[in-house]
Number of protein chains: 4
Amino acid sequence: MSWRINGQKTAIVLVDVQERLCAAVAGAERILARIDRLLEIGKLFSIPVHLTELAPQRFGPISSPILQKLGEGGSRSARNVLSAGSALPKELPQFLLVAGMETHAAVRQAIYDLRERGHAVYLLADAVGSRNACDHQVALDEMRQDRIVVTTLEAAAYELGAEADEPLWDRLLPPLS
Amino acid sequence: MSWRINGQKTAIVLVDVQERLCAAVAGAERILARIDRLLEIGKLFSIPVHLTELAPQRFGPISSPILQKLGEGGSRSARNVLSAGSALPKELPQFLLVAGMETHAAVRQAIYDLRERGHAVYLLADAVGSRNACDHQVALDEMRQDRIVVTTLEAAAYELGAEADEPLWDRLLPPLS
Amino acid sequence: MSWRINGQKTAIVLVDVQERLCAAVAGAERILARIDRLLEIGKLFSIPVHLTELAPQRFGPISSPILQKLGEGGSRSARNVLSAGSALPKELPQFLLVAGMETHAAVRQAIYDLRERGHAVYLLADAVGSRNACDHQVALDEMRQDRIVVTTLEAAAYELGAEADEPLWDRLLPPLS
Amino acid sequence: MSWRINGQKTAIVLVDVQERLCAAVAGAERILARIDRLLEIGKLFSIPVHLTELAPQRFGPISSPILQKLGEGGSRSARNVLSAGSALPKELPQFLLVAGMETHAAVRQAIYDLRERGHAVYLLADAVGSRNACDHQVALDEMRQDRIVVTTLEAAAYELGAEADEPLWDRLLPPLS
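What you see is a predicted model; the values in this text were computed from it and never measured. (Residues numbered from 1 in each chain as written. Chains lettered and ligands numbered in written order. Predicted model: local features only at pLDDT ≥ 70, side-chain atom pairs only at ≥ 80, totals over all residues. Heavy atoms only, no water.)

Further remarks concern the overall build of chain A. Broken down by element type, chain A carries eight helices and six strands. Counting from the amino terminus, helix and strand elements in chain A follow one another as β-α-α-β-α-α-β-β-α-β-α-β-α-α. Computed over its C-alpha atoms, the radius of gyration of chain A comes to 15 Å, within 12% of the 16 Å expected for a compact globule of 177 residues. Its C-alpha atoms give chain A principal-axis dimensions of roughly 45 × 35 × 30 Å. Each of the 177 residues in chain A was classed as buried or not, and the buried ones make up 64%. In chain A, 83% of the contacts between residues at least 6 apart in sequence involve partners at least 24 apart. Surface summary for chain A: the accessible area is close to 6,600 Å², and the carbon and sulfur share equals 52%. Of the side-chain charges in chain A, 19 are positive and 22 negative, and the distance between the mean point of each set is 4 Å. (Helix = DSSP H or I, 4+ residues; strand = E, 2+ residues; numbered from the N terminus. Rg over C-alpha atoms; globule rule 2.2 N^0.38 Å. Buried < 20%, exposed > 50% of the residue type's maximum accessible area, 1.4 Å probe, protein only. Contact = heavy atoms within 4.5 Å. Areas by Shrake-Rupley, 256 points an atom, 1.4 Å probe, with all protein chains shown as cover. Lys, Arg positive; Asp, Glu negative; His and termini not counted. Charge placed at Lys NZ, Arg CZ, Asp CG, Glu CD.)

Another aspect to go through is the relation of the copies chain D and chain A. The transform that puts chain D on chain A rotates by 90° and translates by 0.0 Å along the axis, for an RMSD of 0.0 Å. In symmetry terms, the pair is related by a four-fold rotation axis. Among all residues of chain D, the one whose C-alpha sits closest to the rotation axis is D:Gln145, at a distance of 5.1 Å. (Least-squares fit on C-alpha atoms with pLDDT ≥ 70 in both.)

What follows concerns the packing of helix 2 (residues 28-44) of chain A against helix 7 (residues 153-160) of chain A. All names here are of chain A. Close contact between helix 2 and helix 7 brings their axes to 11 Å; oriented N to C, the two are set at 5°. With respect to each other, helix 2 and helix 7 are oriented roughly parallel. Side by side, helix 2 and helix 7 meet where Arg34, Arg37, Leu38 and Ile41 of the first sit next to Leu153, Glu154, Ala157 and Leu160 of the second. Among the residues making up the contact of helix 2 with helix 7, the classes are represented as five nonpolar, no polar and three charged. (Axes fitted to C-alpha atoms, helices over the stretch in contact; angles between N-to-C directions. Parallel < 35°, antiparallel > 145°, perpendicular 65-115°, else oblique. Nonpolar A, V, L, I, M, F, W, Y, C, P; charged D, E, K, R; others polar.)

Counting residues at the interface gives 29 residues for chain D, matched by 29 residues for chain A. The contact between chain D and chain A buries some 2,700 Å² in all, and 50% of this surface belongs to carbon and sulfur atoms. When the buried area of chain D at its contact with chain A is split by residue, D:Arg58, D:Leu82 and D:Gln145 rank highest and sum to 25% of it. The tally of links between chain D and chain A comes to five salt bridges. Run the count over chain D and chain A and you get 14 residue pairs in polar contact (both at pLDDT 80 or more). Secondary-structure elements contributing two or more residues to the side of chain D that touches chain A are helix 1 (19-24), helix 3 (56-59), helix 5 (103-116) and helix 6 (133-145) of chain D. Its residues assigned to classes, the side of chain D that touches chain A shows 10 nonpolar, seven polar and 12 charged. (Buried area = accessible area lost by both parts, 1.4 Å probe. Salt bridge = Lys/Arg side-chain N within 4 Å of Asp/Glu carboxyl O. Polar contact = N/O pair within 3.5 Å; in protein donor to acceptor, adjacent residues only side chain to side chain.)

Once that is clear, we can look at the side chain of C:Glu142. Looking at the secondary structure, you find C:Glu142 in helix 6 (residues 133-145). Owing to a relative accessible area of 6%, C:Glu142 belongs among the buried residues under this scheme. Setting aside residues no more than four positions away along its own chain, C:Glu142 makes contact with C:Arg108, C:Tyr112, D:Arg144, D:Val149, D:Val150 and D:Thr151.

To continue, consider the pairing of strand 5 (residues 120-129) of chain C. All names here are of chain C. Of all 10 residues that make up strand 5, nine are buried, and the element is covered over most of its length. Across six bridges, the pairing between strand 4 (residues 95-101) and strand 5 is parallel. Directly across from Leu96, in strand 5, lies its bridge partner Val121. Taken together, strand 5, helix 6 and strand 6 (residues 149-151) form a β-α-β motif whose crossover is right-handed. (Pairing = 2+ DSSP bridges. Right-handed = clockwise from strand over helix to strand, strands pointing away.)

Our focus in this paragraph is the packing of aromatic side chains. On inspection of all chains with the given rule, the structure shows eight aromatic pairs over all chains. Pairing A:Phe95 with A:Tyr122 gives two aromatic rings, centres 6.4 Å apart and planes at 35°, and the pair type is tilted. One end of the pair, A:Phe95, is in strand 4 (residues 95-101); the other, A:Tyr122, is in strand 5 (residues 120-129), and 27 residues separate them in sequence. Residues A:Phe95 and A:Tyr122 agree in their burial class; the two are buried. Aromatic side chains C:Phe59 and D:Trp169 sit 6.1 Å apart centroid to centroid with 45° between the ring planes, which places their arrangement in the tilted category. Here D:Trp169 lies in helix 8 (residues 166-172) and C:Phe59 lies in helix 3 (residues 56-59), a pairing that spans two chains. Look at C:Phe59 and you get buried, because its relative accessible area is 6%. (Phe/Tyr/Trp six-rings, centres within 6.5 Å; stacked < 30°, edge-to-face > 60°.)

Residue and element names in this part refer to chain C. Here we have six strands laid out as an open sheet, ordered 3-2-1-4-5-6, and parallel in their pairing. The open sheet has two edge strands with one neighbour each: strand 3 (75-79) and strand 6. Ignoring which end each strand starts from, the neighbouring axes of this sheet average 25° apart. Across the face of the sheet, helix 6 comes into contact with strand 5 and strand 6 while running at roughly 165° to strand 5.

The operation relating chain D to chain C is a screw motion whose rotation component is 90°, with 0.0 Å of axial translation and a residual RMSD of 0.0 Å. When the interface residues of chain D are mapped onto chain C, a mere 3% of them again lie at the interface, so each copy presents a different face.

Given below as structure tokens:
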């Protein structure tokens, strides 16, 4: 499978990163930290961000640190059915970096829907989660077997910055101690 | 692989959930709780249930909480050979959600037999088990590699309810604390 | 992948179950117990056994409990090169159940060699081992990805006895407590 | 997938085994010990070694025990972009044993680049690493799913020495206690 990501044809899709879900998902703090880093890396490469939102009256608003980070940026689609697929905008770019929650539910459904629409989807395994670890792990294994690219935030960042010069590194790479 | 499940063409197959097997299988309590939830979700979508039963004189009757839950519902097939394949009814619907025990024995054999008969089989990894964890895990890995869909109960529930409206959610989704 | 094993066209291949290797391999006691059980099941179905042996002056004789179990039974091939492939007899049956040590070395090489010769090979994951757990696990994952059937002793036993009547079960199945 | 390695058409590629990276990578001590052993085995079969080096002013020089082991041997390519692919020499042999760091970054990129150039690449899972275990593991799983051969140092050594006579074994195999 071809693996090089063209940053100019890429978007970030954040699935249902909502406050009541964050309170229930295992390891949500780590996931939110990864998403924060993802948004920083997205800014480096001017990558647009799209957020999905499921029934906020039930699952709460989108996590406020994420909204603060985005400021005026980012587009949003809300919905009142579980599956995110039909609510996603039609005009997304070819490459999609997907993060959010829950891995086995709305994330998994968005991933398959987006691939059926012809996108190259990259699931960031360290930036997604479920309430139960078993749901999370089995869903990752299912998608990997179905040839979805299951990768991590840093591996995707190295793809985006593969040919970047050293001046960008300080913002792209974590500092070595 | 196409992944959306059509609830109107779906049945649940419960393999050998019998009392003496339950007493021996690792994590049987959790598996029975998952099967209980599976039967509730099945009721929401009017999904028929088929139970298999291996030599009850030896392996005991079907677990009584399951029989109570089913009441008059559910069809059954008993057998006196290990493999469940030949005892399963001929007229099952296209999509099958499979749970029960043991993962590496009768479940695995039923899965392969049903697929050879043309069914789309979904193995619910959190609702199956074996006496030994190694048998369970190696069998899941073998089936996944053979492109059986290995998923979890909740992921399947989200498929069935992908386009459901909010009124159904209270019965479909677990409550958020 | 077709999965039903025809016991009348099956042999057991035990790779290098030699005393000095057994002393070094992780979990050798459990592996030897599984091999003992494998030989009992083989007897039930009159399955022939072939043993390979690598440089006994260096790696020791074949484990004595196994030799006692086999009595006059079993054929053997010794060799003084690492790879077992060329030393295996030409006339093996179609289906081969493979156990022994080490998973990542002589077992792995025998598996690939035998498949290249057209055999349907079944690697019994709970009856093989390496000195280091990482070598063992990575080799299992590599073979599974290459579509070798990686299964367990009990799963194979259920295949052999899929249509067996109840009288055979007491000798085929472990007792339920 | 064909698996036998022809030692006369093989090279070792060591990716960015540099001091500041070694200080940050999980399990670097074990990885360096494996690489030391890899270089010894390479000498047995007269296998050339190529080292890559990323911005030494930032990531430090190549680990000194490795340089001492190589002495005058080994070729090197330095670079100032993250991806190692374009900096690798054009004339590498068909089979490549790859080790180094980080698994999910420069190693992963070199592996895919080299395969696109037509090489048979063998990733030595016990001789690569990342700072974070999750990055390492997800990258190994991604590459395995993409049919990169993910193996271990010892498994590769058994391939190289598959037909070797006993005199070589003392240098090829670890001593049995």
